[in-house]
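Geometric and topological summary
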Amino acid sequence: MAKTVTSAAGDTAPDSINAAPTRLLSLDALRGFDMFWIMGGEEIFHTMAKATGSPFWGAIANQFTHPDWNGFHLYDLIFPLFLFMAGVSTPFSVGRELEKGKSKSQLVLRVIKRAFILVLLGLVVNNGLKIMPISEIRFASVLGRIGIAYMFANIIYLYSSQRAQMVWFWVFIIGYWLLLKFTSAPGFPHGDLTMQGNFASYMDRIILPGRLYLGIHDPEGLFSTIPAISTGLLGIITGTILKKTGLPQMKKVAILAITGVVFLVIAQIWNLDFPINKNLWTSSFVMQVGGISLLLMALFYYIIDVLGYQKWSFYFRVIGMNSILIYISGKFIKWSYTNTGFFGWLGDLIGNPYNAVALAITFVMVKWAFLYYLYQKKTFLRV
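Sequence order as written defines residue numbering, which begins from 1 separately in each chain. Totals for whole chains, interfaces and linings use every residue, but because this is a predicted model, local features are given only for residues with pLDDT of at least 70 and side-chain atom pairs only at 80 or more, for both listing and counting. Side-chain numbers come from the whole structure's heavy atoms, not from hydrogens or water.

**As for the overall build of the protein chain**
This is how the line gets drawn: We count a stretch as a helix when DSSP gives it H or I for four or more residues in a row; a strand needs E for two or more, and each element gets its number in order from the N terminus. Atoms considered for the radius of gyration are the C-alpha atoms alone. The globule rule reads 2.2 Å times the number of residues to the power 0.38. The buried label applies to any residue whose accessible area, calculated with a 1.4 Å probe on protein chains only, is under 20% of its type's maximum; exposed applies above 50%, and partly exposed to all values in between. Whether two residues are in contact is decided by their heavy atoms: any pair within 4.5 Å suffices. Only the protein chains shown count as cover for residues, and the accessible areas themselves come from Shrake-Rupley with a 1.4 Å probe. Lys and Arg are tallied as positive, Asp and Glu as negative. Neither His nor the chain termini are counted. Charge coordinates come from a single atom per side chain, which is NZ of Lys, CZ of Arg, CG of Asp or CD of Glu.
On a plain count of helices and strands, the protein chain comes out with 15 helices and two strands. Over its C-alpha trace the protein chain gives a radius of gyration of 21 Å, about what one expects of a compact globule, namely 21 Å for 383 residues. The buried share among the 383 residues of the protein chain stands at 51%. Considering only contacts in the protein chain between residues 6 or more positions apart, those separated by 24 or more positions represent 72%. Entry remark: accessible area of the protein chain is about 17800 Å², with carbon and sulfur atoms responsible for 67%. Each charge class in the protein chain was averaged separately, 31 positive and 18 negative side chains, and the resulting centres sit 9 Å apart.

**Focus: the pattern of salt bridges**
Formally: Criterion for a salt bridge: a side-chain nitrogen of Lys or Arg within 4 Å of a carboxyl oxygen of Asp or Glu.
On inspection of all chains with the given rule, the structure shows eight salt bridges. One salt bridge connects Lys100 with Glu97, and the closest N-O pair in it is separated by 3.9 Å. With a shortest N-O distance of 3.7 Å, Lys278 and Glu220 are connected by a salt bridge. One end of the pair, Lys278, is in the loop between α10 (249–271) and α11 (283–306); the other, Glu220, is in the loop between α8 (199–207) and α9 (225–243), and 58 residues separate them in sequence. Across the pair, Glu220 and Lys278 agree in class, each one buried.

**What to know about the packing of aromatic side chains**
Inclusion rule: Planes of paired rings set the category: under 30 degrees apart is stacked, over 60 is edge-to-face and the rest tilted, where pairs are Phe, Tyr or Trp rings (Trp by its six-membered ring) whose centres lie within 6.5 Å.
Tallying each qualifying case throughout the model produces 35 aromatic pairs. On the numbers, 6.0 Å between centres and 35° between planes, the contact of Phe45 with Trp57 is tilted. Remark: Trp57 occurs in helix α3 (residues 55–62) and Phe45 occurs in helix α2 (residues 25–52); sequence separation between them is 12 residues. Judged by relative accessible area, Trp57 falls into the partly exposed class, the value being 26%.

**Some details on the environment of Trp170**
Topologically, Trp170 is positioned in helix α7 (residues 162–181). Linking Trp170 and Ile276, residues 106 residues apart in sequence, is a C-alpha distance of 17 Å. What Trp170 contacts, discounting residues up to four positions off in sequence, is Gly175, Ile266, Trp270 and Met287.

**Some points on the nonpolar core**
Our working rule: Nonpolar core, defined: a set of buried Ala, Val, Leu, Ile, Met, Phe, Trp, Tyr and Cys residues in which side-chain atoms within 4.5 Å join the residues together.
Formed by 94 residues in total, the largest nonpolar core has its most connected members in Phe84, Leu242 and Met297. Here this core takes 12 residues from α11, the largest share from any one element. Apart from the residues within four sequence positions on either side, Leu242 is in contact with Leu24, Val88, Phe92, Lys252, Leu256, Met297 and Tyr301.

**Remarks on α10**
Heads up, the condition is: One fewer than the residue count of a helix, multiplied by 1.5 Å, yields its expected span.
Taking 1.5 Å per residue as the helical rise, α10 with its 23 residues ought to reach 33 Å, and the 33 Å between its terminal C-alpha atoms agrees with that figure. Elements that come into contact with the buried residues of α10 comprise α7, α9 and α11.

**Let's talk about unusual backbone geometry**
Residue Asn352 is joined to Pro353 through a cis peptide bond whose omega torsion reads 0°. Structurally, Pro353 is set in the loop between α14 (335–350) and α15 (355–376). Positive phi values are uncommon outside glycine, yet Trp281 reaches one of about 50°. Unusually for a residue other than glycine, Lys378 sits at a positive phi of about 55°. Structurally, Lys378 is set in the segment after α15.

**Description of the confidence of the model for the protein chain**
Where we set the bar: pLDDT gives the predictor's per-residue confidence on a scale running from 0 to 100.
The share of residues in the protein chain with pLDDT of 70 or more is 94%, and the mean pLDDT across the chain is 91. For the stretch residues 1–21, pLDDT sits under 50, and the model shows 38 contacts to residues farther than four places along the chain or on other chains.

**Considering the side chain of Ser201**
In this fold, Ser201 is placed in helix α8. With near-sequence residues (within four places) excluded, Ser201 lies in contact with Met195, Ile216, His217 and Leu280.

**Here's the deal with α8**
Put simply, the rule is: The term polar contact refers here to a pair of N or O atoms within 3.5 Å; inside protein, the definition further demands a hydrogen-donor-capable atom paired with an acceptor-capable atom, and it admits residues adjacent in sequence only when both atoms are side-chain atoms.
Among the residues of α8, Phe199, Ala200, Ser201, Met203 and Asp204 are the ones counted as buried. Along its buried surface, α8 packs onto α7. At the N-terminal end of α8, a side-chain oxygen is found 3.1 Å from the backbone nitrogen of Ala200, two or three residues along, and the residue is Asn198.

Pasting the structure below:
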């Protein structure tokens, strides 16, 4: 009997369906690679930098932090890359349902339902499962932004052509640029992009209930979700290219790689007028992370799906197939306690200063072992 995969929406799908040849192994691997860093991978480099005091390890560890405002570190890529990959999966999931005869209205309802679930999960991650005054609740969240941006990007996908999707991609980021360039918070000059003076943060202070993450600004605010829709659309356009049967695989790789380089060039030029800024999800930021995402997708697709080198990616695929579960698990599982219980002796054996490095490695190992167990049982949280 085929085992089933339970989704967050409560539906089930036979294992044979989820193993369909249209599934991109490279997408699961890249998603797992992305999630590896926020499930503890980045802490390995932070502890190594602290233990050694080396400028080399310090420079690497610095890439796993967020700039205070303008600028870009590799750690800024993790969130938009995940949203990009949610878009890549759309032609293989929503598109497949269309091919099976599902109506667009049915799929829109499903997309809205998924967005609602992600917003709720985001509330849980932010605030836990406890009752509190609305003024103390943080409503904006990483999962909420993914859900809302994914929803709008999918609705555009369902009701527009690929060319129209490309138009929408540019409409959102050019419109957002012009809006922030010619507006500001009251009392500030037009085009002010400081935390207090920019128009997006000002609108969030007016629109969003509860508290903002930084008091006057929230990096996952509602208004700055507008350009994030373009990040999701870029993923959808990428997924459509990868799904095309009449297009040679190497041509797909070339399209993604060349477009990625072009995006990075545009990002650096745009940065001169509209700084790369994850907090505001600026248009130059969309181009920057979009370019890197395209290059990574091209690389993983080329190695795994074109050349067929798949075994090495198994480690990441185990993570990628339960990415949201491991993201929210820290609210329900005390991983540090579990890690210390299993490997505290190893830290004592190694001693200072490298005991922290060892425990950072085992911390990731413990989480991966949990995910591997779920993988073996074919239990995946689908949203």
